Amino acid sequence: MNKISVLVIEDDVAINNLIKTTLETRDYKYFSAYNGLDGILIATSQNPDIILLDLGLPDIDGNEIIKKIRSYSNTPIIVISARSEDKDKVEALDNGADDYLTKPFSVDELLARIRSTSRRLMYMNTVPFQTNLFENGELKIDFASGVVYFQEEEIHLTPIEYKLLCLLARNVGKVLTYTFITKEIWGSSWDNDVASLRVFMATLRKKIEKNGTSYIQTHVGVGYRMIRI
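One numbering rule holds for all chains: residues counted from 1, following each sequence as written. Given that this is a predicted model, residues contribute local features only at a pLDDT of at least 70 and side-chain atom pairs are listed and counted only at 80 or more, while totals for whole chains, interfaces and linings are drawn from all residues. Side-chain numbers come from the whole structure's heavy atoms, not from hydrogens or water.

Peer 1: Can you explain the overall build of the protein chain? Please cite residues and give values.
Peer 2: The numbering of helices and of strands both runs from the N terminus, where a helix is a DSSP run of H or I of at least 4 residues and a strand a run of E of at least 2. Secondary structure assignment for the protein chain yields eight helices and 12 strands. Each radius of gyration is computed over the set of C-alpha atoms, and the globule rule expresses the reference value as 2.2 Å times the number of residues to the power 0.38. In terms of overall size, the protein chain behaves like a compact globule, its C-alpha atoms giving a radius of gyration of 18 Å where 229 residues would be expected to give roughly 17 Å. Its C-alpha atoms give the protein chain principal-axis dimensions of roughly 50 × 35 × 35 Å. Whether a residue is buried, partly exposed or exposed follows from its accessible area with a 1.4 Å probe, protein chains only, as a fraction of its type maximum: under 20%, in between, or over 50%, in that order. When the 229 residues of the protein chain are sorted by exposure, 50% land in the buried category. Every accessible area reported is derived by Shrake-Rupley at a probe size of 1.4 Å, with residue values counting cover from the shown protein chains alone. Working note: accessible area of the protein chain is about 10700 Å², and carbon and sulfur atoms make up 50% of it. Of note, the protein chain has its 27 positive side-chain charges centred 5 Å away from the centre of its 31 negative side-chain charges. Only four residue types enter the tally: Lys and Arg on the positive side, Asp and Glu on the negative side; His and the chain ends are excluded. The atom standing in for a charge is NZ when the residue is Lys, CZ when it is Arg, CG when it is Asp and CD when it is Glu.

Take a look at the structure:
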């Protein structure tokens, strides 16, 4: 089996070295860049499986790099940034990032995100229902093709948004706790995971809840539930 390759785009030498050492000890193949231009060049030439991206680079803002990579590739991008405000996370996710990890982070948490991302493409090709199609009001999920429609128009979801939607749809009518959801999505339940869940749920809702239709119900302090329309 081929090693998973990871591109690290991080200008902080200490953090870059920490991530590279962590990847090496876990037998990942890795590439490294300390600025945005080199990162884009390596991403284009080496076609890594996963990209770890800092937003605060010396030459190009990380969000511009996300847009650039998304113009030609669907390679999973995990943002690793000191920017912890929800608006920063939403901006990165809207631009096409797949996950967001806030500094400071633990090595175990980083590895959990990488493992989860590695599994995600496999998940996209599975069918979580007996049927290949799930319909709820004007929302439709075609599991065979991994495509979501609202009012017959295709909606672009990030892999995590898609996995969240499938999880809620598979358990339609049931309240899913924060712990259950984060463990299903990321394989762990760190404080960062719960914070990220709130952001991902907000971006998912913005895409599927239009014209006043509400599919996802929040149970404050407990979790979320998809309601049948």
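There is more to say after this.
Peer 1: Go over the sheet that holds strand β5 (residues 99-102) with me, naming the residues and quoting the values.
Peer 2: If DSSP finds at least two bridges between two strands, the strands pair. In space, the five strands of this open sheet follow the order β2-β1-β3-β4-β5, with parallel pairing throughout. Each edge of the sheet is formed by a strand with only one pairing partner; in this case those strands are β2 (29-33) and β5. If you compare each strand with its neighbour and ignore which way they point, the axes differ by 20° on average. Relative to strand β4 (residues 77-81), strand β3 (residues 50-53) runs parallel, the two being bridged by three bridges. Paired with Leu52 across the strands is Ile78, a residue of β4. Note on geometry: axes are C-alpha line fits, over the in-contact stretch for helices, and angles between N-to-C directions span 0 to 180 degrees.

Peer 1: So what's going on with empty space enclosed by the protein? Which residues, and what values?
Peer 2: Cavities and pockets were defined on a 1 Å grid built from protein atoms only: a cavity is a group of points that admits a 1.4 Å probe but offers it no way out, a pocket is an open group of points flanked by protein on both sides within 12 Å along at least five of seven lines, and a lining residue is one with an atom within 4 Å of any such point. Grid points are joined across faces, edges and corners, and a volume is the space filled by probe spheres set on the points. Applying the stated criterion across every chain yields a total of one cavity of 30 Å³ or more. Note on residue categories: nonpolar means Ala, Val, Leu, Ile, Met, Phe, Trp, Tyr, Cys or Pro, charged means Asp, Glu, Lys or Arg, and polar means any other residue, Gly included. Grouping the amino acids of the lining of the largest cavity by side-chain chemistry returns four nonpolar, three polar and no charged.

Peer 1: If you had to explain helix α4 (residues 86-95) to someone new, which residues and values would you point to?
Peer 2: Taken together, the buried positions of α4 are occupied by Asp88, Lys89, Ala92, Leu93 and Asn95. With its buried residues spanning 165° around the axis, α4 presents them on a single face. In the segment just after α4, Gly96 is the residue with positive phi, at about 125°. The reported arc concerns the directions from the helix axis to the C-beta atoms and nothing else.

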